[in-house]
Amino acid sequence: MDKDLITRSGSLTESRRRFLEKSGASLVLATFGAAFFTSCSSTDDADPTGPPTPPGNSSSGITISGSVIVINLAIQTALNNSGNWLLIENAKALVANVNGSFVALTSVCTHSGCDRNWTFAASRFTCTCHGSVFDASGRVVQGPANQPLTQFTTQVSGTTLTITK
């Protein structure tokens, strides 16, 4: 059964940007840390001018059927490059290419259940709701989370990446 694929890109809202400029961004950063800029994100922070949301079917290169996610790497070409990643909201899954190998984890943070606010850099996933950091295997690197993310099985055959939850 195909489902619509939900993706988001975000940026600071104009009102939040003005507030930070008036209050002194350096003071805010020193007081609250970098998580202040991205924590508690919502659809209010979504970029309305961003790319359209592709459907979760063969035209997007991603299909979700029960506990199986199939990604066509000939369509989702960004995943072919090490360091690139994808959040599939409908499947609550994070997928990344780490040095040529694919990893897939649950996108439900073990700290507070956030599942849509993630970044990925230097082979680490950061839940921007409260700043928990996980390595590419899902192990906690930095709290407040104290439990690892569930890792899913990945298998590549040609240009097809199959993830089994």
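Residues numbered from 1 in each chain as written. Predicted model: local features only at pLDDT ≥ 70, side-chain atom pairs only at ≥ 80, totals over all residues. Heavy atoms only, no water.

**With respect to the nonpolar core**
How we decide: In these notes, a set of buried Ala, Val, Leu, Ile, Met, Phe, Trp, Tyr and Cys residues joined through side-chain atoms within 4.5 Å is what counts as a nonpolar core. For every residue, the accessible area obtained with a 1.4 Å probe (protein chains only) is divided by the maximum for its type, and the residue is called buried under 20%, exposed over 50%, and partly exposed between those limits. Only DSSP runs of H or I with at least four residues qualify as helices, and only runs of E with at least two residues qualify as strands; both kinds are numbered from the N terminus onward. In what follows, a contact means two residues having at least one pair of non-hydrogen atoms within 4.5 Å.
Judged by nonpolar contacts, the single largest core of 17 residues is most densely connected at W118 and F125. Listed by contribution, the elements that provide at least two residues to this core are β4 (93–98), β5 (101–106), β6 (118–121) and β7 (124–127). For this core, the leading source of residues is β4, giving three residues. Not counting residues up to four positions away in its chain, the partners in contact with F125 are W85, L94, A96, L105, W118, T119, F120, S132, V133, F134 and D135.

**Remarks on the packing of aromatic side chains**
For the record, the criterion: Any two rings among Phe, Tyr and Trp, with Trp reduced to its six-membered ring, count as a pair given centres within 6.5 Å; such a pair is stacked if its planes are under 30 degrees apart, edge-to-face if over 60, and tilted if neither.
Under the criterion given, the structure shown has five aromatic pairs. Plain terms: the ring middles of W85 and F125 are 6.2 Å apart, the flat faces sit at 80 degrees to each other, and that makes the pair edge-to-face. Pair noted here: W85 is in strand β3 (residues 85–88) and F125 is in strand β7, with a separation of 40 residues, a long-range link. The class for W85 is partly exposed, based on a relative accessible area of 29%. Ring centres of F120 and F125 lie 4.4 Å apart, and the angle between their planes is 40 degrees; this geometry places the pair in the tilted category. The pair formed by F120 and F125 is uniform in burial state, with each residue classed as buried. Following the ring pairs from residue to residue traces out a cluster consisting of W85, W118, F120, F125 and F134.

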